[in-house]
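Observations on the model geometry
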Amino acid sequence: MFLQENDMNDYRTHVEIDLGAIRRNAEAIKTSTGKRLIAVVKADAYGHGVIPITKALQGIADIFAVATVEEGVELRQSRVQEPILVLFSSLPEQAFQVVEHGLVPTISNWEFANRLNALTSDTIKVHVNINTGMNRSGVHWTEAARFLNRLKTLDQLTVEGLFTHLATADETDKSHVFVQLKRFASVLEEIPNGGKLVHAANSAATLAIPEAYFDAVRPGLSLYGVYPATERPIVLEPALTWKARIGWVGSLSEGEGVSYGLTYKAPHQTRVAMVQVGYGDGYPRALSNVGEVLIGGARRPVIGKVCMDVSVVRLKPTDNVLIGDEVVLIGKQGDAEITVVELAHRAGTISYEILTQIRTRVPRVFKH
Ligand SMILES: *Cc1c(COP(=O)(O)O)cnc(C)c1O
């Protein structure tokens, strides 16, 4: 039941990625902002699979952004030709790889810039990160103009972009965002930035703060169809559906417990089913006794502790569930839906963490 022909496969659990949804989300963001798109595909495209996602976004994204030099190299090795911005490139030892693979590094300190400059006689395009109040990286905004002037003495470096990152764009109170934007604006006033690509907006700002748009927006989460906050000015389609299959069906007599520690006790005769997904797949253990899944188009609760490889759910006496039946952990089944936002909330975390924790043991199946 609920196993459609195209869902049939050998997997105990798998993720389906709708690449069309990714493309439509990116188009919708470009249309609504009217700006260039720096598509953030770090952390394996938020767990979605970076190579297929990047290929799907070719022709829509102007620049791809990754977090690390290694992630940039992986894209180059898959013959991605577009500009690749490395959001956190700070170890001088990695400067060589940046040059070798033609990545666009982010400059946050002098030592890295100097090392890059010494490595080549070609021109290297760089972006400079300006710390306006996120306080985790970048050149402090009060020192940025001086730093940018000093960078001019490094002949090989061309500052192509200037950016900052916002700490509270996803919060209801946006006052700190405007403090940061004001600091950023003061830097932009001090230095001649004609022709430079200026960017600041993560997903939350892309969806809610036009003052943060500048020349390009830099969203990650929203590309994948997940809203970072309550503002929903455009329609985004979730691209990821996470499924698992029933592995066992059983019955508990009154007073019997379930799973490690027997933390759930059956109040009366209870039918249960084992779902083939656990924290070893990235299904959070925090969902023990609080998660819900979809079976036969209806919600059923997770009971007892989530194990490494499997979890247990409570059935209704009338449920007709067989081994191999489809269970939806994230996504739609019939008229019911569990969003990644809901799952994250139940697990006491955020969508970002849920998505990036889905292990490589869970195959990604791409739908075009
Ligand atoms: C991760 C990241 C983004 C994307 O953030 P989302 O909230 O996923 O849109 C943008 N800029 C920087 C510097 C980042 O580290």
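Residues numbered from 1 in each chain as written. Predicted model: local features only at pLDDT ≥ 70, side-chain atom pairs only at ≥ 80, totals over all residues. Heavy atoms only, no water.

1. Remarks on the site of the ligand
We apply this condition: For this purpose, a residue is taken to be near a molecule or strand whenever a single non-hydrogen atom of the residue falls within 4 Å of it. For this analysis, a polar contact is any N or O atom pair within 3.5 Å, provided that within protein one partner can donate a hydrogen and the other can accept it, and provided that sequence-adjacent residues contribute only side-chain to side-chain pairs. Computed with a 1.4 Å probe, the accessible areas rest on the Shrake-Rupley method; for each residue, only the protein chains presented here act as cover. Only protein atoms enter the calculation, which uses a 1 Å grid: trapped sets of points that fit a 1.4 Å probe without letting it out are cavities, open sets showing protein on both sides within 12 Å along at least five of seven lines are pockets, and any residue with an atom within 4 Å of a point is a lining residue. If over half the atoms of a molecule are within 2 Å of the grid points of a cavity or pocket, the molecule is regarded as sitting in it. Lys, Arg, Asp and Glu make up the charged group, whereas Ala, Val, Leu, Ile, Met, Phe, Trp, Tyr, Cys and Pro make up the nonpolar group; the residues left over, Gly among them, are polar.
In the region of the ligand, 14 residues are neighbours, and Lys42, Tyr46, Ser203, Gly220 and Tyr352 sit closest. For the ligand, an oxygen atom lies 3.0 Å from a polar atom in the side chain of Arg136. Here a nitrogen atom of the ligand sits 2.8 Å away from a polar atom, N or O, in the side chain of Arg218. Burial of the ligand by the protein chains amounts to 94% of its free accessible area of 390 Å². When atoms are counted within 2 Å of each cavity's grid points, the one that captures over half of the ligand is the largest pocket. By residue class, the composition of the shell around the ligand is seven nonpolar, four polar and three charged.

2. As for the confidence of the model for the protein chain
Test applied: By definition, pLDDT measures how confident the predictor is in each residue, and it falls between 0 and 100. The contact criterion used is simple: two residues touch if any of their non-hydrogen atoms lie within 4.5 Å.
Mean pLDDT for the protein chain: 96, with 98% of residues reaching 70 or above. Note that pLDDT drops below 50 for residues 1-5; the model gives that stretch 13 contacts with residues more than four away or on any other chain.

3. Quick look at the nonpolar core
Operational definition: The nonpolar core is taken to be a set of buried Ala, Val, Leu, Ile, Met, Phe, Trp, Tyr and Cys residues, with the residues joined through side-chain atoms within 4.5 Å. The buried label applies to any residue whose accessible area, calculated with a 1.4 Å probe on protein chains only, is under 20% of its type's maximum; exposed applies above 50%, and partly exposed to all values in between.
By size, the foremost hydrophobic cluster in this structure holds 114 residues, and its most contacted members are Val128, Trp242 and Tyr283. Each residue touching Val128, except ones within four places of it in the same chain, is listed here: Ile107, Val139, Phe147, Leu148, Leu151, Val159, Gly161, Leu162 and Phe163. Membership of the second largest hydrophobic core comes to seven residues, among which are Tyr264, Ala266, Ile303 and Val312.

4. Remarks on the pattern of salt bridges
The condition is simple: Throughout this description, the term salt bridge denotes a Lys or Arg side-chain nitrogen within 4 Å of a carboxyl oxygen of Asp or Glu. Helix and strand labels come from DSSP, where a helix needs a run of H or I of at least four residues and a strand needs a run of E of at least two; each type is numbered from the N terminus.
Tallied over the full model, the rule gives 16 salt bridges. Glu326 serves as the salt-bridge partner of Lys243, at 3.3 Å between the closest nitrogen and oxygen. With a gap of 83 residues between them, Lys243 in strand E11 (residues 240-252) and Glu326 in strand E18 (residues 326-333) connect regions that are remote in the sequence. With relative accessibility at 5%, the residue Glu326 sits in the buried group. Shared partners join several salt bridges into a network, and the residues in it are Arg12, Asp281, Asp309 and Arg361.

5. Quick word on the environment of Thr33
Mapped onto the secondary structure, Thr33 falls in helix H1 (residues 19-33). On the accessibility criterion, Thr33 (10% relative accessible area) is buried. Residues contacting Thr33, with those up to four places away along its chain left out, are Thr206, Tyr213 and Val217. A distance of 2.8 Å separates a polar side-chain atom of Thr33 from the backbone oxygen of Ile29.

6. Some details on the packing of aromatic side chains
Within a pair of aromatic rings, the relevant descriptors are the distance that separates the centres and the angle that separates the planes. Which entries qualify depends on this criterion: Here a pair means two rings of Phe, Tyr or Trp (six-membered ring of Trp) with centres within 6.5 Å. Their orientation is stacked below 30 degrees between planes, edge-to-face above 60, and tilted elsewhere. Either the NZ atom of lysine or the CZ atom of arginine qualifies as a charge over a ring when it sits within 6 Å of the ring centre and within 35 degrees of the ring normal.
Evaluated as defined, the whole model comprises five aromatic pairs. Aromatic pair Tyr46 and Tyr352: ring centres 6.1 Å apart, planes at 45 degrees, arrangement tilted. In this pair, Tyr46 is assigned in helix H2 (residues 42-46) and Tyr352 in helix H11 (residues 351-356), connecting sequence segments 306 residues apart. Since its relative accessible area comes to 31%, Tyr352 is described here as partly exposed. The structure contains a cluster of three or more aromatic residues connected by ring pairs, namely Tyr46, Tyr224 and Tyr352. In this structure, Arg150 packs its charged tip against the face of Trp110, placed 3.8 Å from the ring centre.

7. A few points about the domain arrangement of the protein chain
Operational definition: Boundaries between domains were set according to an automatic or database domain assignment. Note: buried area is the sum, over both parts, of the accessible area (probe 1.4 Å) each one loses when the two are combined.
Taken domain by domain, the protein chain holds domain 1 (35-224) and domain 2 (240-367). Measuring from the centre of the C-alpha atoms in domain 1 to the corresponding centre in domain 2 gives 38 Å. Residue-level contacts link seven residues of domain 1 with seven residues of domain 2. Counting the surface domain 1 buries against domain 2, the share from its top three residues, Tyr46, His48 and Leu221, is 58%. Inspection of the region where domain 1 meets domain 2 yields zero salt bridges.

8. Comments concerning unusual backbone geometry
Backbone geometry at Ser259 places phi at a positive 65 degrees, although glycine is not the residue there. Summarising the element assignment, Ser259 is placed in the loop between strand E12 (257-258) and strand E13 (264-265). Residue classification places Ser259 among the partly exposed positions, given a relative accessible area of 23%. Of note, the phi angle at Asn289 is positive, near 65 degrees, even though the residue is not glycine. In this fold, Asn289 is placed in the loop between strand E14 (270-275) and strand E15 (292-295).

9. Comments concerning the side chain of Thr164
Within the secondary structure, Thr164 is located in the loop between strand E8 (157-163) and helix H8 (175-190). Judged by its relative accessible area of 0%, Thr164 falls in the buried class. A polar contact of 2.6 Å, which involves the side chain of Thr164, links it to the backbone oxygen of Ile130. A distance of 2.8 Å separates the side chain of Thr164 from the side chain of Thr132, its partner in a polar contact. Apart from the residues within four sequence positions on either side, Thr164 is in contact with Asn129, Ile130, Thr132, Gln180, Phe184, His199, Ala200 and Arg218.

10. Quick word on the layout of surface pockets
Rules: Grid points are joined across faces, edges and corners, and a volume is the space filled by probe spheres set on the points.
Here the largest pocket is characterised by a volume of approximately 830 Å³. Lining the largest pocket we find 41 residues, and of these Tyr46, His165, Asp170, Asn202 and Tyr352 sit closest to its centre. Considering only residue class, the lining of the largest pocket consists of 21 nonpolar, 15 polar and five charged. Counting residues domain by domain, the lining of the largest pocket receives three or more from each of domain 1 (35-224) and domain 2 (240-367).

11. Re the side chain of Gln180
Considering the arrangement of structural elements, one finds Gln180 in helix H8. In terms of polar contacts, Gln180 uses its side chain to reach the backbone amide nitrogen of Ala167, at 2.9 Å. Sequence-distant contacts of Gln180, that is, excluding residues within four places in its chain, are made with Thr132, Gly133, Met134, Thr164, His165, Leu166 and Ala167.

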